[in-house]
Amino acid sequence: MSLHDDAVLVLKSLNSCEDQDELRQTYLDHLSAHPDGMWKACEAGHLTASALVVDPERGRVLLTLHKKLNMWLQMGGHCEPGDATLRDAALREATEESGIPGLTLLPVGPVRLDRHPIPAPCNWHLDVQYAALAPGGAVEAISEESLDLRWFAYDEVAGVADESVVRLMERTRAAL
């Protein structure tokens, strides 16, 4: 099965959620129209995979200060040819950008979808967002993609991150 096929199956199997159903259909329509819709080279936009790293025992999330956007965000990015599934891509990105080995994704699958504009030539990221649990005693290590990496208490996130990250955190907490 290709990564494209996996993405279609994942999107079709997402639990119905009123505020995400239309967006899910947008993702499915995009993949139907663009066989290359998983890859950065697709200028009409492409799917990306991300994961919010959480430490529920301490009530906190790990965010990265993105080097290009200068915004506090969850870990994530482009799919790569070695990614067999969206889960693989999200877990790889979270591990690379957090520096934390042993992350595990919540078994519920994606917790949220978020479509956001990006500079040309790509135009759109259609992000499939997961949640990753940090193992006990996890120590983060900043990657070259970040300006900073920091743990934030749940109630601090709204003060540093945009609304999409806040919604992702809310959905993650509900899934825990």
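Located above this text is the structure these notes cover.
The text that follows walks through the structure, step by step, so that each part is easy to find. (Residues numbered from 1 in each chain as written. Predicted model: local features only at pLDDT ≥ 70, side-chain atom pairs only at ≥ 80, totals over all residues. Heavy atoms only, no water.)

**Overview of the environment of Arg112**
With respect to the helices and strands, Arg112 occurs in strand S6 (residues 112-117). For Arg112, a relative accessible area of 6% puts it in the buried group. A distance of 3.5 Å separates a polar atom in the side chain of Arg112 from a polar atom in the side chain of Asp114. (Helix = DSSP H or I, 4+ residues; strand = E, 2+ residues; numbered from the N terminus. Buried < 20%, exposed > 50% of the residue type's maximum accessible area, 1.4 Å probe, protein only. Polar contact = N/O pair within 3.5 Å; in protein donor to acceptor, adjacent residues only side chain to side chain.)

**Overview of the pattern of salt bridges**
One pass over the full model with this rule turns up ten salt bridges. Across the pair Asp114 and Arg112 runs a salt bridge whose closest N-O atoms are separated by 3.5 Å. One exposure class covers both Asp114 and Arg112, and it is buried. What you see here is one network of salt bridges that share partners, running through Glu80, Asp83, Arg92, Glu93 and Glu96. (Salt bridge = Lys/Arg side-chain N within 4 Å of Asp/Glu carboxyl O.)

**Overview of the packing of aromatic side chains**
By the definition in use, this model includes one aromatic pair. Between Trp72 and Phe152, the ring centres sit 5.0 Å apart and the planes meet at 75 degrees, which makes this aromatic pair edge-to-face. One end of the pair, Trp72, is in strand S3 (residues 72-73); the other, Phe152, is in strand S8 (residues 146-153), and 80 residues separate them in sequence. Of the two residues, Trp72 and Phe152, both sit in the buried class. Cation over ring: Arg60 sits above Trp151, and NZ or CZ is 4.0 Å from the ring centre. Against the face of Trp124 rests Arg115, its NZ or CZ located 3.6 Å from the ring centre. (Phe/Tyr/Trp six-rings, centres within 6.5 Å; stacked < 30°, edge-to-face > 60°. Lys NZ or Arg CZ within 6 Å of the ring centre and 35° of its normal.)

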